[in-house]
Structures are given as C-alpha cells and as structure tokens.
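# Examination of the molecular architecture
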Amino acid sequence: MGIAGGAGTLLATMGALGLAPTAQAGVPYRPPRRSDFTLSGRGTAKVVILGGGIAGLTIAYELGKAGYDCTILEARDRVGGRNFTARDGTVQTDIRGERQTARFSDDVYMNTGPGRIAQWMVTLDYCRELGVPIEVFTNTNANAFLYNEAAGMREPVRYRTAKADVYGYVSELLAKATDRRALDGELTKADKERLLDFLRDWGAIGGNAGNRRYTGTPRRGYSVDPGAGDQAGVPLGPVPSLSKTFANGVGQYFSFEFDYDQAMLMFQPVGGMDRIPLALAREIGGHRIRLRHVVTRITGGPDDITVAYRDADGEQRRITADYCVAALPPHVLARIPHNLGADVQNALRAWRIDAAAKIGLEYRSRWWETDYRIYGGITETDLDIEHLWYPSHGFHGRRGLLLNYFYDEHARKYGNLSPGERVRRAVAQGVKVHGEKHRTELTNSFSVAWQLIPHIESAWAVPPVGTPAYRLLGEPAGRVYFTGDWLSHLTGWQAGAFESARLVVGRLHERVLSH
C-alpha cells in the first residue's frame, strides 16, 4: 500500500487495520508503539517539551513508548506543575519573595493543588498503568457541617440535618400543591399518585391528604445515639420552621454532589497526589527531564524548532528538535518571545486566568474525629475560608491536617496576606465552625496562593471554547503543538491535561508517520 499510494495511504490503511493511532476525538486512544515505525519504515523524531506538569510529562511518557527522543524543560525545581504535594521540609518561595518551609509530621502531607479524582476520569487509568495505589477521597459526608453566618446562623448544622429538613419541606410544599390540584394541568391522576409516593419517601412527610407535613425524623440525626438496653436514642430537635430552613440557605450546597465531576465515589493516590507525576517521571527517566531550565525564546523553522533557555546554572543554551510541544499555561507562554505569529500571541492572551489558594493546618490531635465523629468530607461555609476539608486518610492516627480551599476573590484576598497572616485569619474563621480547638490544637501550617507561584501564576486558565482562539491553539503552529488542561473541557482537572496530551500525541505521531 505504501508503494502504491504513498505514506498517507499507508497510514490510513494501518489505521483501518488497528496498526496506527488516530487523533480523532471520541475514538479510543491507542498509544504509539515502536512497531508503528517498523511497519512504516519511518524513523522517530526529536521532541522538546516545554513544561513538566501533567501534560508535559504525559507527552514524554506516551511518545517514549514508541522510542521518540524527548527532552522536558521545566522551570521549577520539581515536576508536576500544579500537582504539588507539600511534606515536611518542602520549601516554596512565591513571586514576592515570601519563603515558606513545611514543618509537618512524618505522616502528614498537603495536596496544595489537585486533591481528588472522579472515578470516570482517565487519571485513574494512569494510576493503574503506573502502579500508583489509590484510596477513597470522601467528597461528601453526612456528619460534616454547613454554616452560613450571613444568614444569621449562630452555629453550624450537620449536612444530614440540613438535607433532611430541606428535602422534607420541599416535599411538603409539593405534596400540598398536588393535593390542591395545582398540578392537574401537568400530571394525570396516576402521575400524581406516583409523585406523592415518591415525596412521602424522599421527604419523610405524612402520607394522608390534609397531613402532608414535615415534622422531622431520625434522618436529621440524634442528640443521643441509639444503643443497648433502654437506650433507644433521642432524635435531634427541635425542627426549625420552613421559613427558617430556607432563610439559612443551606440547600444551596446539595447540588454539589450531583455534579458529574464531583459525585462520589472519588479517589486520591495513597501518600499524596504527587505520586502521579513522580511515577511518570520515573518511567520517562531523569536524564530526559531538565529542572530549573527556563525557556527564553522559541524559534520555529520549516524543518525544525529551536528553543533557547537558561539552565540551572544561569547559562544561556539552545536545543534544536524536530517538534516542540508547549505545555505551559497560556499566559506564561505568551510572555516568551517567539516567531509563531501575531495570531498565536493574541490567542494565548484570550484565556481567563483564575485564582485559588489552599491553607493546610496540622493539628496535634484529630479532634474532628473524636469530638465530632467526622471522618473525611467537606464542611461548607459562607465565610471567606469557604471550604474545610477533613483528611480522607490516616484515620485514628496521631495527627492530621485540615485544609482550607478557596477561589477567586477570597483566594486573592488571602494571597495578599503574608503566610502568617493567612493562617491567623483562617483559624479565626474556623473557630466559628469548630470552636477553640481549631486554634488551640494547631501545631504547623503551610499555604499556597497559586496566582503567586513562579512560572505558573494561576490556579487554572479558563478556555474560551468555541472561539477562534481556542480552535487556533488546538492546531500546531508550524512545528509547535500546544497542550494542557486549558485546551480541554476539563480545565483545572488533571484529566484535562491527560486528555489534551493524548490528543496531541496522536496528531504528532500521525504526522511523523505520514511524512
């Protein structure tokens, strides 16, 4: 076929026979293989990869399966990009020169970037392939709290209690509307009976017309738990009024668990999220990864690409390759001089850059387990700390770490503070939820404001999907390809970086085989 129709016909035929990869979206991914070149008579190529985050590492890992000569230039002193786990001794200096050193206990770590993986994401496939063990990440917990200070709540309420009350009163209202024939235009008589059967169960309301009331059930929880002998348990009470329940605003948090990318079960690597980039780097080989190498210019030509960079010793150097894959954030890439054209430069500036921050608080005891019986999960608040994550590992251990996670305005607010000021403010807010142990048991802390991290300077870049800019950077600029979660519909997720990288791998490999 190659002799008769040329390389393009050969590649198409190989694809039909399952012998060559395809880069088309929606088609199951097939990694490149050394046999692809044996069958085609072609040779591999030299590829320089800008950025050692998840996307860049994936490019090198996947192309390496077929024998490509890959070199990664990473500006930071570690791989992983935003996949960054802080442990005892971890040092981080931000763009203002603020330096922090983590002083955690040996068994305590903090995922400063990604912290959870949905079970449908390709990230778990890589964990399996790379031998990275996983464990459940508890994304929702009935025993965690909800607290809306602005709504006048004087103390937090358990997630299970709030859910029972909101579901109960919504069921009561809908059942009463059905009884009063307000839905006759929408439902048949049989439909209404089915709806009422559902509401009686879903909201735990009275079953008879005229008695469709929600009065509270043990679903709300107990003030004294059931036990042995005469200890039947004391259901939690009193039940707040319908008006008070909705005024508290707690119902706004329930839709979170319905989101496709947040629904349980979720997972995390055992021992820290950075087990993923470390495993990728191990497979790629340390000799192919150059840390503290800062790219200073990209020059594309008709037959090759040259990248100038400053190495770890401050020396100016260059590397020439057949192809380049730029796996840097778009706003960082836009600051690097290049000859790729004004359209590319303008496109790189079209992404919205978001902020996020995390504060990790290590405590000398796991009082949230002993005092509140909270094992993993997230407490939601309207305070500027927003979310409080409880650890999903190390249960019944000696120490543990609570994590504050916030976005945009609050992330910028905390980012403007010094590390010490961040902790003092976050602790003061947390005391409103947990009481004084949130302050008195604190022993160590570490914080990251991603908009201040050198060579990253953002939490994520929101893609202008469907725009000319998005389409333009989805294609190569000569011999330069672009990749990252910012070129996916999964921005902010490692899965977006994996998926984007695999798309580029397929397209680049197809191009090499057909030329």
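Treat the numbers as computed from the prediction; the structure is a model and nothing was measured.

## Structural notes on the packing of helix α3 (residues 54-64) against helix α16 (residues 494-514)
Interaxial distance between α3 and α16 falls to 8 Å at its minimum, and their mutual angle equals 40°. On the basis of the axis angle, α3 is oblique to α16. For the element pair α3 and α16, the recorded crossing hand is right-handed. Of the residues in α16, those touching α3 at Ile 54, Ala 55, Thr 58, Ile 59, Glu 62 and Leu 63 are Gln 494, Ala 497, Phe 498, Ala 501, Arg 502, Val 504 and Val 505.

## Some details on unusual backbone geometry
In this chain, Gly 237 is followed by Pro 238 through a cis amide linkage whose omega measures -10°. Tracing the sequence through the fold places Pro 238 in the loop between β12 (234-235) and α7 (242-247). The peptide bond linking Met 264 to Leu 265 adopts the cis configuration, its omega dihedral lying at 0°. By the element assignment, Leu 265 lies in the loop between α7 and β13 (266-269). In this model, Glu 386 sits at a positive phi of 60°, which is unusual for a non-glycine residue. Within the secondary structure, Glu 386 is located in the loop between β21 (377-381) and β22 (387-390). A residue is classified by how much of its surface remains accessible, and Glu 386, at 13% relative accessible area, is buried. The phi angle at His 455 is positive, at roughly 70°, despite the residue not being glycine.

## A closer look at the UniProt feature "domain: Amine oxidase" (unreviewed entry) in the protein chain
Under the present numbering, the feature "domain: Amine oxidase" (unreviewed entry) in UniProt falls on residues 54-507. Helix makes up 30% of residues 54-507 and strand makes up 23%, while its end C-alpha atoms are separated by 18 Å.

## Some remarks on the nonpolar core
The nonpolar side chains of a soluble globular protein tend to be buried, and buried together. If you look at the biggest cluster of nonpolar residues, it comprises 69 residues, and the most contacted ones within it are Tyr 68 and Ile 276. Counting residues per element, this core draws most heavily on α16, which supplies nine residues. Discounting residues that sit within four places of it in the chain, Tyr 68 has contacts with Phe 37, Thr 44, Ala 45, Val 47, Leu 63, Arg 288, Leu 508, His 509 and Val 512. Within the second largest apolar cluster, 36 residues are counted, among which are Leu 146, Met 153, Val 166 and Tyr 414.

## Describing helix α6 (residues 189-203)
The first and last C-alpha atoms of α6 sit 21 Å apart over 15 residues, in line with the 21 Å expected at 1.5 Å per residue. Every buried residue belonging to α6 is among Lys 192, Leu 195, Leu 196, Leu 199 and Gly 203, and all of these are buried. The arc that holds the buried residues of α6, viewed along the axis, is 100°, so those residues lie on one side. Across from the buried face of α6, at angles greater than 90 degrees, the exposed residues are Arg 194 and Asp 201. Where α6 is buried, its residues contact α5 (159-179).

## Describing the environment of Arg 34
Summarising the element assignment, Arg 34 is placed in helix α2 (residues 34-40). For Arg 34, a relative accessible area of 55% corresponds to the exposed category. A sequence separation of 309 residues divides Arg 34 from Asp 343, and the C-alpha atoms of the two residues are 36 Å apart.

## Regarding the packing of aromatic side chains
The geometry of an aromatic ring pair is captured by two quantities: the separation of the ring centres and the angle between the planes. Applying the stated criterion across every chain, the model contains 24 aromatic pairs. For the ring pair Phe 198 and Trp 202, a centre distance of 5.6 Å and an interplane angle of 20° mean the geometry is stacked. In this pair, Phe 198 and Trp 202 are both assigned in helix α6, four residues apart and thus about one turn of the helix distant. Residues Tyr 363 and Trp 367 carry aromatic rings whose centres are separated by 5.4 Å and whose planes lie at 90° to one another, so their mutual orientation is edge-to-face. The burial state of Tyr 363 is the same as that of Trp 367; both residues are buried. Following the ring pairs from residue to residue traces out a cluster consisting of Phe 137, Trp 389, Tyr 405, Tyr 407 and Trp 460. Note that Arg 76 overlies the ring of Phe 84, its terminal NZ or CZ placed 5.6 Å from the centroid. Above the face of the Tyr 405 ring, Lys 358 is positioned so that its terminal group lies 4.6 Å from the ring centre.

## Considering the side chain of Asn 444
Relative to the helices and strands, Asn 444 is located in strand β24 (residues 442-449). A distance of 2.8 Å separates the side chain of Asn 444 from the backbone oxygen of Arg 103, its partner in a polar contact. Sequence-distant contacts of Asn 444, that is, excluding residues within four places in its chain, are made with Arg 103, Phe 104, Gly 360, Leu 361, Glu 362 and Arg 399.

## Here's the deal with the sheet that holds β22
Hydrogen bonds along the backbone pair up the strands of a sheet, which may run parallel or antiparallel. Spatially, seven strands are ordered β10-β9-β21-β22-β23-β20-β24 in an open sheet, and the strand pairing comes out mixed. What marks the edges here is a single partner per strand, and that holds for β10 (157-158) and β24. Bridging between strand β9 (residues 145-147) and β10 involves two bridges; their strand directions are antiparallel. Paired with Phe 145 across the strands is Arg 158, a residue of β10. Strands β20 (356-363), β23 (400-407) and β24 of the sheet are contacted by helix α12 (residues 408-415), whose axis makes an angle of about 115° with β23. Those strands touched by helix α13 (residues 419-434) are β9, β20, β21, β22, β23 and β24, and its axis lies near 115° from that of β24.

Definitions and limits used
- Residues numbered from 1 in each chain as written.
- Predicted model: local features only at pLDDT ≥ 70, side-chain atom pairs only at ≥ 80, totals over all residues.
- Heavy atoms only, no water.
- Axes fitted to C-alpha atoms, helices over the stretch in contact; angles between N-to-C directions.
- Helix = DSSP H or I, 4+ residues; strand = E, 2+ residues; numbered from the N terminus.
- Parallel < 35°, antiparallel > 145°, perpendicular 65-115°, else oblique.
- Left-handed = near helix turned anticlockwise from the far one by under 90°.
- Contact = heavy atoms within 4.5 Å.
- Buried < 20%, exposed > 50% of the residue type's maximum accessible area, 1.4 Å probe, protein only.
- UniProt positions renumbered as here; feature names shortened; annotations may be inferred.
- Core = buried A, V, L, I, M, F, W, Y, C linked by side-chain atoms within 4.5 Å.
- Expected span 1.5 Å × (residues − 1).
- Arc of directions from axis to C-beta.
- Phe/Tyr/Trp six-rings, centres within 6.5 Å; stacked < 30°, edge-to-face > 60°.
- Lys NZ or Arg CZ within 6 Å of the ring centre and 35° of its normal.
- Polar contact = N/O pair within 3.5 Å; in protein donor to acceptor, adjacent residues only side chain to side chain.
- Pairing = 2+ DSSP bridges.

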